[in-house]
Amino acid sequence: MKKTSGYIKDTLITIILLCMAFGISLLFQYIFEVQEHITTIFVFAVFLISLLTNGYVYGILASFCGTIVVNYAFTFPFFAVNFLIPINLISGIIMIIVSVLTSALTTKLKRHEAMKAESEKECMRANLLRAVSHDLRTPLTTIYGSSTTLLDKCSDMTEAQKNKIVEGIKEDSEWLMRMVENLLSITRIDSGEVKIIKTPTVLEELIDSVVLKFKKRYPGQKVEIEIPDEMVIVPMDAILIEQVIVNILENAVQHAEGMTRLTLRVFTLGSQAIFEIKDNGCGIDPKRLETIFSGYYASKDDFTDSQKRNAGIGLSVCATIIKAHCGDIKAENIKTGGAVFRFALDTEGNINDQE
Amino acid sequence: MIKNKYKILLVEDESNIRNLVATMLETSGYQALIAESCSAAKTVYNSYLPDLIILDLGLPDMDGMHFLEYVRRDSPTPIIVLSARSTEKDKVTALDMGANDYVTKPFSSAELLARVRSVLRSNRYSSVEGRLPGGRFTLRDLEIDYDARQVFISGAEIKLTQTEYNIIALLSENCGKMMTYSAIIKAIWGGCAQDGSIKKLQVNMANIRKKFGAKLGESNYIINELGVGYRMNAERE
């Protein structure tokens, strides 16, 4: 669809510019009664067309049209196409050369820009990959070390020791699972250039699924839920948004020290659904607030082992997902203590009147 | 003793996962039959006629879906798909092909065993009492009288519309089985699933939840799987 509209736009640009050139030429001829500059006007039009359209086709077509029009209407013999006069032929060739050169130049420029964007993305991906591989080592050490210890020294250990080691395996594999889920979410966005596929999702079902998932991981942590009574439908990639909310809740459990209340609130404001996750813990260090969503990608080589588990990939993934939904995500501290994360998605409006 | 055990066929090519699941099943009192490929699975299936099949989709000789199709040609033997493929599309495809449930890797033993129990139990429902006219369906506090078309929770009747009742009856008859949107829509309204009819189903489900007094995240009776469908839950997970 985007392609067709591009073709239509380019064709329109070509036609309009050619018409303008023709009109101005007529005016010149009428007012100043000179013909020497008409070729220049058409060359300029061809130059603009090559600059503003995609590829070579439009520019070359325009230069052909221009050559024929100039030849037909503005040069001797008037109102007849005659290429036998060398000066006409030369001006035609000049126009074609200008068009080809301009098109080549702009195409090159556009390609260069695309490459630059691609290399930035590539750089981000490399950073991510490096950080992830680094992060994967620690849990793997636990799992590998624990299982080999269990195999070798099983008879020398007490029940309690064994339990502790197996518990470690479980915890670290859970961490790995979350990491992989987050990575999968990113590939879900990155695969192809297509935007994410949004399906109408019932808010209540989304929240139900989120809470169920969260409860399974943190059975001890209560989450207070507030959502509108009426049925709200939000077009989204439900699996990804689910990941966002779970990540933010998880982040609160892990970092909001002293938290006693964790609230997930969703309300509608105009045509938007606002998702709000609030805790009353220690809040976020103001220094980190700015980079909290980009921290993971941006990290160069300065991360140390102790930072590892704090940084986490979760919030960066949240930002990527919300961005892909054309939304905005923000984190701020509450004056009375604690932090709040907020993001908004467009709703589909109230559907009760449709039935 | 051994005769009374449920026979479960496990089709999985990864030897570590195979050992793990087989141990999980055996320690829970099931008899585990093992196959490493599609062709081996067919042989074991034909000679032992298992009560349940746990099927991995990525097999060395053929895609697991072939085996799923093969079994579904002439048998309702419950099948739980166990797979690393986790998109909604993969799930819907397998479920619409006749799988009873879909568990994504990685899974915990509790999760898999709950699904196994749920599917085995639901199979008993549909083959013995559930579908018979005049039958009654009970699941914890939920009771359905198929003859009178009435639904009770803890003895109190829940007033449902025709459509809502039909949905509940359908889910209960397939208790433990994940029903995709399109399967439910086909059974209730006929025809195929378009965006409009999915919305109609979602509105009905929202009303049912309200009438049932379901609390968010408490997995009472009906589980919703985003973008896939609904399942009446025989086991509390």
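Being a predicted model, the structure only gives us computed values, none of them experimental. (Residues numbered from 1 in each chain as written. Chains lettered and ligands numbered in written order. Predicted model: local features only at pLDDT ≥ 70, side-chain atom pairs only at ≥ 80, totals over all residues.)

Draft legend 1. Summary view of the overall build of chain A. Within chain A, the regular secondary structure consists of eleven helices and seven strands. In chain A, once contacts between residues fewer than 6 apart in sequence are set aside, the share between residues at least 24 apart is 70%. (Helix = DSSP H or I, 4+ residues; strand = E, 2+ residues; numbered from the N terminus. Contact = placed C-beta atoms within 7 Å.)

Draft legend 2. Quick look at the sheet that holds strand E6 (residues 136-139) of chain B. Residue and element names in this part refer to chain B. Across the sheet, which stays open at both edges, the four strands sit in the order E6-E7-E8-E9 with antiparallel pairing between neighbours. Two strands bound the open sheet, and with one partner strand each, they are E6 and strand E9 (156-158). Going across the sheet, the axis of each strand differs from the next one's by a mean of 25°, ignoring polarity. Of the pairings in the sheet, the one linking E6 to strand E7 (residues 142-145) comprises four bridges and is antiparallel in character. The residue bridging Leu139 from the neighbouring strand is Leu142, located in E7. The sheet strands contacting helix H6 (residues 162-173) are E6, E7 and strand E8 (150-153), and the helix crosses E7 at an angle near 105°. (Pairing = 2+ DSSP bridges. Axes fitted to C-alpha atoms, helices over the stretch in contact; angles between N-to-C directions.)

Draft legend 3. How the structure looks around the nonpolar core. Membership of the largest hydrophobic core comes to 103 residues, with the highest contact counts inside it found for Ile245, Leu249 and Cys318 of chain A together with Val11, Ile54, Leu55 and Val81 of chain B. With ten residues, helix H7 (residues 238-255) of chain A is the largest single contributor of residues to this core. Excluding its chain neighbours within four sequence positions, the residues that come into contact with Ile245 of chain A are Val210, Leu264, Phe275 and Ile277 of chain A. In this structure, Leu17, Ile38, Phe42 and Cys65 of chain A belong to the second largest nonpolar core, which totals 17 residues. (Core = buried A, V, L, I, M, F, W, Y, C linked by C-beta atoms within 7 Å. Buried ≥ 20, exposed ≤ 12 C-beta atoms within 10 Å, placed from the backbone.)

Draft legend 4. Spatial organisation of the confidence of the model for chain B. Residues and elements named next belong to chain B. For chain B, per-residue confidence averages 86 on the pLDDT scale, and 91% of positions sit at 70 or higher. Averaged pLDDT values for the elements of chain B fall to 76 in helix H5 (residues 109-128) and rise to 95 in strand E1 (residues 7-11). Scoring the predicted complex yields pTM 0.74 and, for the interface, ipTM 0.84. (pLDDT = per-residue confidence, 0-100.)

Draft legend 5. Layout of the sheet that holds strand E12 (residues 229-232) of chain B. Residues and elements named next belong to chain B. Judged by pairing direction, the sheet is antiparallel, and its three strands sit side by side in the order E10-E12-E11 without closing on themselves. Bordering the open sheet on either side are strand E10 (179-180) and strand E11 (222-225), each of which pairs with just one other strand. Here E10 pairs with E12 via two bridges, running antiparallel. Its bridge partner being in E12, Thr180 is matched across the sheet by Gly229.

Draft legend 6. Here's a closer look at the confidence of the model for chain A. All names here are of chain A. Counting all residues, the mean pLDDT for chain A is 81, and 87% of those residues have values of 70 or more. Within the model, pLDDT remains below 50 along residues 299-310, and this stretch shows eight contacts once partners closer than five positions in the same chain are excluded. Low pLDDT (under 50) marks residues 350-355, which in the prediction has seven contacts with non-local residues, meaning those over four places away or in another chain.

Draft legend 7. Region of the structure containing the interface of chain A and chain B. The interface of chain A with chain B comprises 21 residues on the first partner and twelve residues on the second. Per-element tally for the side of chain A that touches chain B: the top contributor is helix H6 (residues 203-217) of chain A, with nine residues.

Draft legend 8. Broad picture of the domain arrangement of chain A. Domain boundaries assigned for chain A yield domain 1 (2-115), domain 2 (125-177) and domain 3 (199-354). Measuring from the centre of the C-alpha atoms in domain 1 of chain A to the corresponding centre in domain 2 of chain A gives 69 Å. (Domains from an automatic or database assignment.)

Draft legend 9. Layout of the environment of Leu59 of chain B. All names here are of chain B. Residue placement: Leu59 occurs in the loop between strand E3 (52-56) and helix H3 (64-72). Owing to 23 C-beta atoms within 10 Å, Leu59 belongs among the buried residues under this scheme. With 47 residues separating them along the chain, Leu59 and Glu12 place their C-alpha atoms 7.0 Å apart. Beyond its immediate chain neighbours, meaning those up to four positions away, Leu59 contacts Val11, Asp13, Ser37, Cys38 and Gly64.

Draft legend 10. Examining unusual backbone geometry more closely. A cis amide bond links Lys105 of chain B to the next residue, Pro106 of chain B, at an omega of -5°. Mapped onto the elements, Pro106 of chain B comes out in the loop between strand E5 (101-104) and H5. Residues other than glycine seldom take positive phi values, yet Cys326 of chain A does so here, at roughly 60°. Mapped onto the fold, Cys326 of chain A is located in the loop between helix H11 (314-324) and strand E6 (329-333).

Draft legend 11. How the structure looks around the domain arrangement of chain B. Residues and elements named next belong to chain B. Partitioning chain B into structural domains gives domain 1 (2-125) and domain 2 (129-232). Distance from the C-alpha centre of domain 1 to the C-alpha centre of domain 2: 26 Å. Taken together, the 13 residues of domain 1 in the interface contact twelve residues of domain 2. Looking at the side of domain 1 that touches domain 2, the elements with two or more residues in it are helix H4 (88-96), E5 and H5. Across the side of domain 1 that touches domain 2, the residue classes break down as five nonpolar, three polar and five charged. (Nonpolar A, V, L, I, M, F, W, Y, C, P; charged D, E, K, R; others polar.)

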